[in-house]
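Structural overview
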Amino acid sequence: MSSYNATFFLTPQADARGNASVHPVLYIEPDGWHGSGSVVLQMPTGLTDEEQVTVAERILAGVTGWRDEIVAKVERDRTAADELTAARAEIARLKAEAGEME
């Protein structure tokens, strides 16, 4: 088995599609264009039905885990930003209150 590395930057228009033809194939279009420039992942001839499902499930699990990590990061970032906004509002409130007491 050969080993390859490639980096593709995904845009919000990125798309993925596949089919279960004789050689099940998954197309990933980093920029959403359904033409040239896609990443093609294809299963070899000879895999049993069960092996094909196993491959698809492993890819699905990896993508789902990736998405879940991104969602968790967004939530952490949002929480930190919300806490900072709340802290600033509390500081402004305290300053205003202190000004009223003087």
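Our subject is the structure that appears above.
Below, the structure is looked at part by part. (Residues numbered from 1 in each chain as written. Predicted model: local features only at pLDDT ≥ 70, side-chain atom pairs only at ≥ 80, totals over all residues. Heavy atoms only, no water.)

1. Re a nonpolar patch on the surface
Filter applied, for reference: Distance thresholds for patches are 9 Å for like charges and 5 Å for nonpolar side chains (Val, Leu, Ile, Met, Phe, Trp, Tyr), applied to residues having over 30% relative accessible area and no salt bridge. Every accessible area reported is derived by Shrake-Rupley at a probe size of 1.4 Å, with residue values counting cover from the shown protein chains alone. Salt-bridge detection follows one rule: a side-chain nitrogen of Lys or Arg within 4 Å of a carboxyl oxygen of Asp or Glu. The numbering of helices and of strands both runs from the N terminus, where a helix is a DSSP run of H or I of at least 4 residues and a strand a run of E of at least 2.
On the surface, a cluster of nonpolar side chains totalling about 600 Å² of accessible area is made up of Leu 10, Val 55, Ile 59, Val 63, Trp 66, Ile 70 and Val 74. By the secondary structure assignment, Trp 66 is in helix H1 (residues 49-101).

2. Points about the sheet that holds strand S1 (residues 15-19)
The criterion, for reference: Between any two strands, at least two bridges found by DSSP are needed for them to pair. Helix axes are fitted to C-alpha atoms over the stretch in contact, other axes to C-alpha atoms as well, and angles between N-to-C directions run from 0 to 180 degrees.
With antiparallel pairing, the three strands of this open sheet are ordered in space as S1-S2-S3. In this open sheet, the two edge strands, each paired with only one partner strand, are S1 and strand S3 (39-42). Between one strand axis and the next, the sheet turns through 15° on average, direction left out of account. Where strand S2 (residues 25-29) meets S3, four bridges bridge the pair, whose relative direction is antiparallel. Residue pairing for S3: Val 25 is matched across the bridge by Gln 42.

3. Describing the environment of Ala 14
How we decide: Note on definitions: a residue-residue contact is assigned when non-hydrogen atoms from the two residues lie within 4.5 Å.
Along the chain, Ala 14 turns up in the segment before S1. Between the alpha carbons of Ala 14 and Leu 26 there is a distance of 13 Å; along the sequence they are twelve residues apart. Filtering out sequence-adjacent residues up to four positions away, Ala 14 remains in contact with Glu 29, Pro 30, Asp 31 and Gly 32.

4. A few points about the pattern of salt bridges
Here the structure, examined in full by the defined rule, presents six salt bridges. Here Asp 68 makes a salt bridge to Arg 67, at a shortest N to O gap of 3.4 Å. Members of the salt-bridge network, linked through shared partners, are Glu 90, Arg 93 and Glu 97.

5. Looking at the environment of Gly 35
Our working definition: Burial classification: accessible surface area is computed with a 1.4 Å probe over protein chains only, and a residue below 20% of its type maximum counts as buried, one above 50% as exposed, and the rest as partly exposed.
Note that Gly 35 resides in the loop between S2 and S3. Given a relative accessible area of 39%, Gly 35 falls into the partly exposed group. In sequence terms Gly 35 and Gln 52 are 17 residues apart; their C-alpha atoms lie 25 Å from each other.

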